[in-house]
Amino acid sequence: MNTTKENSSETGTTASKVRIVFYWLTTVAVAWELIFGGLWDMGIVNKGYVQKVMTDLGYPYYMASIFGTWKILAGIVILLPGLPRLKEWAYAGVFFVFSGACFSHLFMSETSQAIQLLVFTGIPVVSWALRPVSRRLIAGQPQESATKKWKNIVYWVATALLGIGMLQSGIFAILKAPQWVEIMNKLGYPLYFLYILGIWKILGVIAIIVPKFKLLKEWAYAGFFFAMTGALFSHLAIGDYAVKSILGPVFQALFVVVSWYFRPPSRKIVTG
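Treat the numbers as computed from the prediction; the structure is a model and nothing was measured.

Conventions used here
- Residues numbered from 1 in each chain as written.
- Predicted model: local features only at pLDDT ≥ 70, side-chain atom pairs only at ≥ 80, totals over all residues.
- Heavy atoms only, no water.
- Helix = DSSP H or I, 4+ residues; strand = E, 2+ residues; numbered from the N terminus.
- Rg over C-alpha atoms; globule rule 2.2 N^0.38 Å.
- Buried < 20%, exposed > 50% of the residue type's maximum accessible area, 1.4 Å probe, protein only.
- Contact = heavy atoms within 4.5 Å.
- Areas by Shrake-Rupley, 256 points an atom, 1.4 Å probe, with all protein chains shown as cover.
- Lys, Arg positive; Asp, Glu negative; His and termini not counted.
- Charge placed at Lys NZ, Arg CZ, Asp CG, Glu CD.
- Axes fitted to C-alpha atoms, helices over the stretch in contact; angles between N-to-C directions.
- Parallel < 35°, antiparallel > 145°, perpendicular 65-115°, else oblique.
- Left-handed = near helix turned anticlockwise from the far one by under 90°.
- Salt bridge = Lys/Arg side-chain N within 4 Å of Asp/Glu carboxyl O.

**Regarding the overall build of the chain**
Okay, step 1: Within the chain, the regular secondary structure consists of 10 helices and zero strands.
Okay, step 2: Beginning at the N terminus, the succession of helices and strands in the chain can be written as α-α-α-α-α-α-α-α-α-α.
Okay, step 3: The C-alpha radius of gyration of the chain comes to 21 Å, within 12% of the 19 Å expected for a compact globule of 272 residues.
Okay, step 4: When the 272 residues of the chain are sorted by exposure, 39% land in the buried category.
Okay, step 5: Sequence separation of at least 24 residues holds for 73% of the intrachain contacts in the chain that already meet a minimum separation of 6.
Okay, step 6: Summing over all exposed atoms, the chain offers an accessible surface of approximately 14,800 Å²; the carbon and sulfur share of this is 72%.
Okay, step 7: Averaging the positions of the 24 positive and the 11 negative side-chain charges in the chain gives two centres separated by 10 Å.

Rendered as structure tokens:
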């Protein structure tokens, strides 16, 4: 009987060690790609390579600078200890960027590159799945005090405005509404990007509105925040300082932050 327990314990310990090894192998690989790739995106290393890739895919080169900044920050966050909620946002951003790149190559009929990126997208997914308890966003005891009525009101108003705006823009993007085609042309984005953006927006709204799926909600909020700040920086990058161009992304980013901050305990992972 004791021998059986000892063998079971040894097996558990071995599996745990293998898990940690694979976690760090994938995590270091992801962080390396994010930080080093971010330097490429910003033109600090191997200048000209990313510009060619972006041009081939139909994206404006300034988009690489936005990606580069977020990639470097994500790589640092994923490597650092603690910061479990920031890690979720970092993993979410990495997944959106890599899968978005995969879809972009598919739209350009570059199947082999798309498959390579699909496989590469699996690396951060493995890192995320194998992350140890100390690096996970784990729920603690729910707060005893009930959420105040005014906080619920603020949450639902911000969430409704966010949901309506994202759902409407997502549908219009998929349908290639004239105003969205005009915006894409002005910013220099390829029109197929509307499909990627539209689908992610609609899925994000569903994730935030429906109950449960607390961890998925974190990813949805992260995606919306990255999308709105990316839109803002895109307008600024081309010198478009028009009020309507700036206020739209700013207000939507504000709704994202307010909805996320005031979400009730039943819709968030309460740590501690």
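Additional details are given in the paragraphs that follow.
**Digging into the packing of helix H6 (residues 149-174) against helix H10 (residues 243-262)**
Okay, step 1: Across the interface, H6 lies against H10 with an axial gap of 8 Å and an inter-helix angle of 140°. The angle between the axes of H6 and H10 places the two elements in the oblique class. Of the two possible hands of crossing, H6 and H10 adopt the one that is left-handed. Along the contact surface, H6 presents Trp150, Lys151, Val154, Tyr155, Ala158, Thr159, Leu161, Leu162, Gly165 and Met166, while H10 presents Gln252, Phe255, Val256, Val258, Ser259 and Phe262.

**Points about unusual backbone geometry**
Okay, step 1: Phi at Lys176 takes a positive value of approximately 55°, unusual for a residue other than glycine.
Okay, step 2: Not every positive phi belongs to a glycine, and Phe213 is a case in point at roughly 50°.
Okay, step 3: Note on placement: Phe213 falls in the loop between helix H8 (193-209) and helix H9 (214-237).
Okay, step 4: Given a relative accessible area of 52%, Phe213 falls into the exposed group.

**Some details on the pattern of salt bridges**
Okay, step 1: Taken as a whole and judged by the stated rule, the model has six salt bridges.
Okay, step 2: The partner of Glu88 in a salt bridge is Arg131, and the shortest N-O contact between them spans 2.9 Å. In this pair, Glu88 sits in helix H4 (residues 84-107) while Arg131 sits in the loop between helix H5 (111-130) and H6, placing the two residues 43 residues apart along the sequence. Pair check on accessibility: Glu88 and Arg131 agree, each one buried.
Okay, step 3: Taking the shortest distance from any N to any O, the salt bridge between Glu218 and Arg263 comes out at 2.8 Å. In this pair, Glu218 is assigned in helix H9 and Arg263 in the segment after H10, connecting sequence segments 45 residues apart.
Okay, step 4: Taken together, the salt bridges that share partners define one network made up of Arg85, Glu218 and Arg263.

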